[in-house]
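# Examination of the molecular architecture
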Amino acid sequence: MPRAKTTYIRLILLDFMKMNGAQITRHLPHLGPRGNTGGSTTSPHWLQLIGFCLFLLALPATSKASTTINQQVDQAIHQHLSALMRPSAQRENWQGMRITHTSTPLGSTRTLATCSQAPAVSGGAADNYRQRLTITCPDQPGWRMQVATEMQVWLPVLVATRVIDRGQVISAADVKSQEIDIGKAPRGFYHHAKQVTGMSAKRRIRANQVLSPGLIALPLAVKRGDKVKIVATQDGISASMSGEAISNAAEGEVIRVKNLSSGKTIDAKVIAPGVVTSIF
C-alpha cells in the first residue's frame, strides 16, 4: 500500500476516535454481570469507518509524481516549440508572438518516474503545426515518451478597419492589429502596417478581413490610357518618346505601350510613375 494512502487513513481513524470517543464508549459491549446479551460486539460507527477505509483502499492511487511528469513534459514541449519558432520570429521581426500547444501522449505515463532534470524534446519543424515529438529523460536511460502535438502560433496581424474597394490605396488608418492563430491563415498575412501602407487593393476587402498577399498589390504607377514617357537606351545612347499605356501596371511590371510617333506597340517595363523603358 502506498505510504501516503496509509498515513491518510491513519489520520482519518485518529480524527474519528477524537470526535466520537464518547459514542464509542457507550456502544461498546458491557463487561459487567450482564454477560452475553446476544447483541453485536461491533459498534455500528466502527463498521461505517472500516467500510469507508476499505473504500479508500479500493480507489486508484493518485500519483503526485505523474502530475509532476505531465507538468515537466508540458513545459519541455512549450520550450521546444518556442525554440523552433524563434528564428522565424527574428527573421520576420514578429512582435508579440506566443505559442500554445495541445499534446497527447501516445502511451501511458503512469509507469514513468519524475525527471531530476528537464526532459529533452526532439522532432518537429517550424512550418509543421501538427507533429510527433519524442521526450526523453537525460538522467534515466530507457525513459522515453512520444506525444502527438498540435502547435498554435498566435500573432497580431493586420485586418481592415473598414471596407476597402478595389484599386483604393491603403493608408495606416485602414488597418489594425488583431491576434490570430497564423496556422489557420494559409493565404498569408501582414504583421507591420508599413508592409501595406501605400499599396492598393486588388479586390474589395471586407471590414475585419485579414489582409493577405492575394488581396494587396503595389499602387498603380501607370493606368490604361495614360500618356507615358518611353525611355530607350542602347549602346550608351538614350532617347525618349511619347507613348500610351494599353493596360494598368505597378512599378516593375511589364505592359504593352503604343509608341505615338510610330504607331507601333511595344513591351515596356514601368520604372516610375508615368515612365517606362522599352524592352528589346
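Residues numbered from 1 in each chain as written. Predicted model: local features only at pLDDT ≥ 70, side-chain atom pairs only at ≥ 80, totals over all residues. Heavy atoms only, no water.

## Some details on the overall build of the protein
- Summing up its helical and strand segments, the protein has three helices and 14 strands in all.
- Here the protein holds 280 residues, and 30% of them are scored as buried.
- Taking all contacts inside the protein whose residues are at least 6 apart in sequence as the whole, residues at least 24 apart take part in 53%.
- With the model as given, the accessible surface of the protein reaches about 17,700 Å², and the carbon-plus-sulfur share is 53%. (Helix = DSSP H or I, 4+ residues; strand = E, 2+ residues; numbered from the N terminus. Buried < 20%, exposed > 50% of the residue type's maximum accessible area, 1.4 Å probe, protein only. Contact = heavy atoms within 4.5 Å. Areas by Shrake-Rupley, 256 points an atom, 1.4 Å probe, with all protein chains shown as cover.)

## Brief notes about the nonpolar core
- In this structure, Val73, Ile77, Ile135, Trp143, Met145 and Ile182 are the most contacted members of the largest nonpolar core, which totals 25 residues.
- Listing elements by their share of this core, those giving two or more residues are helix H3 (64-92), strand S3 (130-136) and strand S4 (144-160).
- The element contributing the most residues to this core is H3, with seven residues. (Core = buried A, V, L, I, M, F, W, Y, C linked by side-chain atoms within 4.5 Å.)

## Some details on the pairing of S4
- Two elements, strand S1 (residues 98-105) and S4, share eight bridges in a ladder whose sense is antiparallel. Across the sheet, the residue bridging to Pro105 is Val147, located in S4.
- In the sheet, S3 pairs with S4 via seven bridges, with the strands oriented antiparallel. Within S4, the residue paired with Thr136 across the bridge is Arg144. (Pairing = 2+ DSSP bridges.)

## Some thoughts on the state of the cysteines
- One pass over the structure, following the stated rule, counts one disulfide.
- Linked covalently through their sulfurs, Cys115 and Cys137 form a disulfide whose S-S length is 2.1 Å. On the criterion of sequence distance, the pair formed by Cys115 in the loop between S1 and strand S2 (120-122) and Cys137 in the loop between S3 and S4 is long-range, its members being 22 residues apart. Here the two residues Cys115 and Cys137 agree in accessibility, since each one is buried. (Disulfide = S-S within 2.5 Å.)

## Quick notes on the sheet that holds strand S14 (residues 275-278)
- With mixed pairing, the five strands of this closed barrel are ordered in space as S9-S10-S12-S13-S14. Taking the axes of each pair of neighbouring strands and ignoring which way they run, one obtains an average angle of 55° across the sheet.
- Here three bridges tie strand S9 (residues 227-234) to S14, and the two strands are oriented parallel to one another. Within the sheet, the bridge partner assigned to Val231 lies in S14 and is Thr277. (Axes fitted to C-alpha atoms, helices over the stretch in contact; angles between N-to-C directions.)

## So, the environment of Ile164
- With respect to the secondary-structure elements, Ile164 resides in the loop between S4 and strand S5 (175-181).
- Beyond its immediate chain neighbours, meaning those up to four positions away, Ile164 contacts Ile170, Asp174, Ala201, Arg203, Arg204 and Ile205.

## Concerning the side chain of Ser212
- Structurally, the position occupied by Ser212 is in the loop between strand S6 (200-201) and strand S7 (216-217).
- When residues no more than four places from it in sequence are discounted, the contact partners of Ser212 are Arg187, Gly188, Phe189 and Tyr190.

## Here we look at the packing of aromatic side chains
- Evaluation of the coordinates by the stated rule reveals one aromatic pair.
- On the basis of an interplanar angle of 45° and a centroid distance of 5.9 Å, the ring pair of Trp94 and Phe189 is categorised as tilted. One end of the pair, Trp94, is in the loop between H3 and S1; the other, Phe189, is in the loop between S5 and S6, with 95 residues separating them in the sequence.
- Overall, the relative accessible area of 16% leaves Trp94 in the buried class. (Phe/Tyr/Trp six-rings, centres within 6.5 Å; stacked < 30°, edge-to-face > 60°.)

## Quick word on unusual backbone geometry
- Despite not being glycine, Asn93 shows a phi value in the positive range, around 60°.
- Structurally, Asn93 is set in the loop between H3 and S1.
- The phi dihedral of Asn208 falls on the positive side, at around 70°, and the residue is not glycine.
- Considering the arrangement of structural elements, one finds Asn208 in the loop between S6 and S7.

## Examining the confidence of the model for the protein
- On average, the protein scores 81 in pLDDT, and the residues at 70 or more come to 76%.
- Ranking the elements of the protein by mean pLDDT puts helix H1 (residues 3-27) last with 49 and S5 first with 97.
- Overall, residues 22-42 carries pLDDT values under 50, and its contacts beyond four positions in sequence, including any with other chains, amount to seven contacts.
- Low pLDDT, under 50, characterises residues 59-65; the predicted model gives this stretch six contacts beyond four residues in sequence or across chains. (pLDDT = per-residue confidence, 0-100.)

## A word on the environment of Lys202
- Structurally, Lys202 is set in the loop between S6 and S7.
- Residue class for Lys202 comes out partly exposed when judged on its relative accessible area of 41%.
- C-alpha of Lys202 to C-alpha of Pro219: the two residues are 17 residues apart in sequence and 9.5 Å apart in space.
- Each residue touching Lys202, except ones within four places of it in the same chain, is listed here: Arg166, Pro213, Gly214, Leu215, Ile216 and Ala217.

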